[in-house]
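If you want the building blocks of each chain, they are given just below.
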Amino acid sequence: MRAVALALILALPAVAATADDVPMTGAEFDAYVTGKTLTYSQFGSVFGIEEYLPGRKVRWKFTADDCQYGSWYEKGDLICFVYEYDPDEHCWTFWTDGGKLKALSVDNAPGEELTEVARSPEGLNCPGPDVGV
């Protein structure tokens, strides 16, 4: 009986891993995001918008906040960000799911991912502080 069960299991087609199952490398992330502005949602609401500039530079904006300037780098399987007013690194795992970028912070649990909801070649609107004052 065990031999039959083993034979049936071995006869099942192998399920190959897809790109959707694998964290992006720095090079893959760079190719996906550079020159684009991505809007992310979490729990069904807009979380923020990030513009990915050449040279691994970024501009991040919570929807109602001022822009934060920073950069990203690869650290093992993670993509980490540092911003001008926050010296702490913020590290994430990025992957694609159904053609959309997904991200999970090392500080969050599965189910708390950010999901790409919009992608644009347009830059992020970042007026300087105290404009018009």
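Preceding block: the structure.
In this report, the structure presented in the accompanying data block is examined. Because the structure is predicted, anything quoted here is derived from the model rather than measured.

Each value, and the rule that gives it
Residues numbered from 1 in each chain as written. Predicted model: local features only at pLDDT ≥ 70, side-chain atom pairs only at ≥ 80, totals over all residues. Heavy atoms only, no water. Helix = DSSP H or I, 4+ residues; strand = E, 2+ residues; numbered from the N terminus. Buried < 20%, exposed > 50% of the residue type's maximum accessible area, 1.4 Å probe, protein only. Contact = heavy atoms within 4.5 Å. Salt bridge = Lys/Arg side-chain N within 4 Å of Asp/Glu carboxyl O. Pairing = 2+ DSSP bridges. Axes fitted to C-alpha atoms, helices over the stretch in contact; angles between N-to-C directions. Phe/Tyr/Trp six-rings, centres within 6.5 Å; stacked < 30°, edge-to-face > 60°. Disulfide = S-S within 2.5 Å. Lys, Arg positive; Asp, Glu negative; His and termini not counted. Polar contact = N/O pair within 3.5 Å; in protein donor to acceptor, adjacent residues only side chain to side chain.

With that out of the way, let us pick up the overall build of the chain. Counting its regular elements, the chain contains two helices and eight strands. The linear arrangement of helices and strands in the chain, starting from the amino end, is α-α-β-β-β-β-β-β-β-β. Within the span of the chain, comprising 133 residues, buried residues form 32% of the whole. For the chain, the share of sequence-separated contacts (at least 6 apart) that also reach a separation of at least 24 residues comes to 40%.

Right, let's get into the pattern of salt bridges. The full count for this structure, using the stated rule, is three salt bridges. Residue E51 is joined to R59 by a salt bridge in which the shortest nitrogen-to-oxygen separation is 2.8 Å. By relative accessible area, E51 is classed as buried at 9%. Note that E89 is salt-bridged to K75, the shortest N-O span being 2.5 Å.

On to the sheet that holds strand β7 (residues 100–105), then. The eight strands lie next to each other as β1-β2-β3-β4-β5-β6-β7-β8, forming a closed barrel whose pairing is antiparallel. The sheet shows a mean angle of 35° between the axes of neighbouring strands, taken without regard to direction. Note: strand β2 (residues 45–53) against strand β3 (residues 57–61), five bridges, orientation antiparallel. Paired with E50 across the bridge in β3 is W60.

Once that is clear, we can look at the packing of aromatic side chains. Scanning the model with the defined rule gives 10 aromatic pairs in all. Look at F29 and F81: their rings are 6.3 Å apart centre to centre, the planes differ by 85°, and that puts the pair in the edge-to-face class. Remark: F81 occurs in strand β5 (residues 78–83) and F29 occurs in helix α2 (residues 26–33); sequence separation between them is 52 residues. Overall, the relative accessible area of 1% leaves F81 in the buried class. Taking the centre distance of 6.3 Å and the plane angle of 5° together, the rings of F81 and Y83 count as stacked. Like F81, the residue Y83 is buried in the burial classification.

Here we come to the state of the cysteines. Following the criterion strictly, the structure yields two disulfides and no others. Shown here is the disulfide that connects C67 with C126, its sulfur atoms set 1.9 Å apart. Around the S-S axis, the bridge from C67 to C126 shows a dihedral of about -80° and counts as left-handed. In this pair, C67 sits in the loop between β3 and β4 (68–75) while C126 sits in the segment after β8 (114–120), placing the two residues 59 residues apart along the sequence. For the pair C67 and C126, a shared accessibility class is recorded, and that class is buried. For the chain, the bonded cysteines connect in the pattern 1-4, 2-3 when numbered consecutively along the sequence.

Now for the side chain of K61. Among the structural elements, K61 can be located in strand β3. The side chain of K61 sits in the buried core without any salt bridge; D66 is the nearest counter-charge, 7.2 Å away. Reaching out from K61, the side chain makes a polar contact with the backbone oxygen of N125 at a distance of 3.1 Å. Other than its neighbours up to four places away in sequence, K61 contacts G48, I49, D66, C67, L124 and N125.

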